[in-house]
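Next come the chains, spelled out residue by residue.
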Amino acid sequence: MARVFSGVQPTGDMHLGGYLGAFRHWAADQHEHDSFFCVVDLHALTVEQDPAELRERILSTARVLLALGLDPDVCTLFLQSHVQEHTGLAWLMECVAGFGELRRMTQFKDKSAGQESVSAGLFTYPALMAADILLYDTDRVPVGDDQRQHLELCRDLAQRFNHRYGETFVVPEASIPRVGARIMDLQEPTRKMSKSVESPQGTVLVLDEPAVIERKVKRAVTDTGTDVRYDPVHKPGVSNLLEILGAATGRSPSEVADSYTGAGYGQLKSDVAEAVVELLAPVRERYAELSADPAGVAAILAKGAAKASDVAAATFARAKEAVGLVPPQGGRR
Ligand code: TYM
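Caption draft 1: The arrangement of the state of the cysteines in detail. The full count for this structure, using the stated rule, is zero disulfides. Left unpaired, Cys38 is separated from the closest cysteine sulfur, that of Cys75, by 12 Å. Using a relative accessible area of 0% as the deciding quantity, one classes Cys38 as buried. Cys38 provides the cysteine sulfur closest to Cys154, a residue in no disulfide bond, and the two sulfurs are 14 Å apart. According to the relative accessible area criterion, Cys154 is buried, its value standing at 1%.

Caption draft 2: Structural context of the packing of helix H3 (residues 51-67) against helix H13 (residues 294-323). In the contact formed by H3 and H13, the axes pass within 11 Å of each other and the chain directions differ by 85°. Compared by their axis directions, H3 and H13 come out roughly perpendicular. Seen from H3, the contacting residues are Leu59, Ala62, Arg63 and Leu66; seen from H13, they are Val297, Ile300 and Leu301. Its residues placed into classes, the contact of H3 with H13 shows six nonpolar, no polar and one charged.

Caption draft 3: Up close: the site of the ligand. Taken together, 28 residues sit near the ligand, with Tyr125, Asp132, Gly144, Asp146 and Ile183 positioned nearest. Between the ligand and Tyr125 there is a distance of 2.6 Å, counted from a nitrogen atom to a side-chain nitrogen or oxygen. Going through the elements one at a time, strand E1 (3-8), helix H1 (16-29) and helix H7 (120-134) are the ones with two or more residues in the shell around the ligand. With five residues, the top contributor of residues to the shell around the ligand is H1. Of the residues contributing to the shell around the ligand, the split by class is 13 nonpolar, eleven polar and four charged.

Caption draft 4: A look at H7. Helix length check: H7 (15 residues) gives 22 Å between terminal C-alpha atoms against 21 Å at 1.5 Å per residue, within 8%. Taken as a whole, H7 carries its principal kink of about 40° at Pro126. Most of H7 is tucked away: 13 of the 15 residues are buried.

Caption draft 5: Up close: the pattern of salt bridges. Under the defined criterion, the tally for this structure stands at 20 salt bridges. In this structure, Arg148 and Asp145 form a salt bridge, with 2.9 Å as the shortest nitrogen-oxygen distance. With its nearest N and O atoms 3.5 Å apart, the salt bridge here joins Arg191 to Asp185. Each of the salt bridges in this network shares a partner with another, and the network as a whole consists of Asp227, Arg229, Asp231 and Lys235.

Caption draft 6: View of the packing of aromatic side chains. Scanning the entire structure with this criterion turns up nine aromatic pairs. Between Phe78 and Tyr136, the aromatic rings sit 5.7 Å apart at their centres with planes inclined by 50°, giving tilted as the arrangement. Here the residue Phe78 occupies a position in strand E3 (residues 76-79), and Tyr136 occupies one in the loop between H7 and strand E4 (140-142), the gap between them amounting to 58 residues. Across the pair, Tyr136 and Phe78 agree in class, each one buried. Between Phe108 and Phe123 the ring centres are 5.1 Å apart and the planes differ by 75°, which places this aromatic pair in the edge-to-face class. Taken together, the positions of Phe108 in helix H6 (residues 106-112) and Phe123 in helix H7 put the pair 15 residues apart, joining distant regions of the chain. Accessibility assignment for this pair places Phe108 and Phe123 in one class, buried. Connected via pairs of aromatic rings, a cluster forms that spans Phe5, Phe36, Phe78 and Tyr136.

Here is what the cut-offs are and how they apply
Residues numbered from 1 in each chain as written. Predicted model: local features only at pLDDT ≥ 70, side-chain atom pairs only at ≥ 80, totals over all residues. Heavy atoms only, no water. Disulfide = S-S within 2.5 Å. Buried < 20%, exposed > 50% of the residue type's maximum accessible area, 1.4 Å probe, protein only. Axes fitted to C-alpha atoms, helices over the stretch in contact; angles between N-to-C directions. Helix = DSSP H or I, 4+ residues; strand = E, 2+ residues; numbered from the N terminus. Parallel < 35°, antiparallel > 145°, perpendicular 65-115°, else oblique. Contact = heavy atoms within 4.5 Å. Nonpolar A, V, L, I, M, F, W, Y, C, P; charged D, E, K, R; others polar. Near = heavy atom within 4 Å. Polar contact = N/O pair within 3.5 Å; in protein donor to acceptor, adjacent residues only side chain to side chain. Expected span 1.5 Å × (residues − 1). Bend = angle between axes of the 7 residues up to and from the residue. Salt bridge = Lys/Arg side-chain N within 4 Å of Asp/Glu carboxyl O. Phe/Tyr/Trp six-rings, centres within 6.5 Å; stacked < 30°, edge-to-face > 60°.

Here's what the structure looks like:
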């Protein structure tokens, strides 16, 4: 059975982009593959966080993942900071990664642009991400399009390590959905929907109430003209709505567009709102139940961490040995 690993940062509210680009595929993957999903809390520390807020966001991210269908009896769900091998292997990855290739990461360029001070952690972020993936002998990494470059780097690092020190890591493949891999902001459809950009009206949150989702979709920026056509360059607003409806209903955006011949933007918006509400309403309900059971969620995360640690410890021991470190006497890792 193929091994799947993916992660999400607990740095903001979870939104429709992440849901359509990644999380809903995780919920499907868990039934077909041996799946590990991780709230990457250490990654969140690469930019300044308020400790109390971070603590709450980590737990609320875990609750959303459970609410949207991750089943702890089927997959392994855990917090990154509960498995110490992530930081250990990240160091080995930093020593294999080049300064130049880290500097070329577009996410680093975007996040550091215009900042007065940038943490070293933000710079080495992709090495930690590579460690996350490689620790689990991962075959497939289901992610949205914005993680493509990080995945390429992860593959390069795995191959370089294997070449230098002998076969140690499985070289993973990115699994990026054909539809919904890059959902755009509803108010600024040339920019991706994102938790780090302040655009409350342009971002549909997974936990938004149905009336709020409806309002945001109905106020989405559309383009000049009236015809519904899939053309991301000339009609980014309408194309984004078609992409959302396609992803929500299992069709390609062009197929969706064909069903609107002669119809206007109004009909499209109503249908998008309805489809998104239908998709997310059950998640909200289940989230409320989980919020009432913090001990239950903590137990799920503890069980996940124990299972993840077993796999991670074996891989990390193998990697340390490969580079020439001396294992402790008595077999302690
Ligand atoms: P993060 O937390 O930003 O996003 C989580 C997942 O959601 C996808 N996504 C989107 N997909 C479509 N349209 C959008 N507008 C959109 N916004 C977000 C992301 O592609 C991602 O799959 N670096 C990662 C976290 C990470 C990770 C890992 C992922 C750390 N280690 C190991 C996979 C494997 C990140 O910041 O994702």
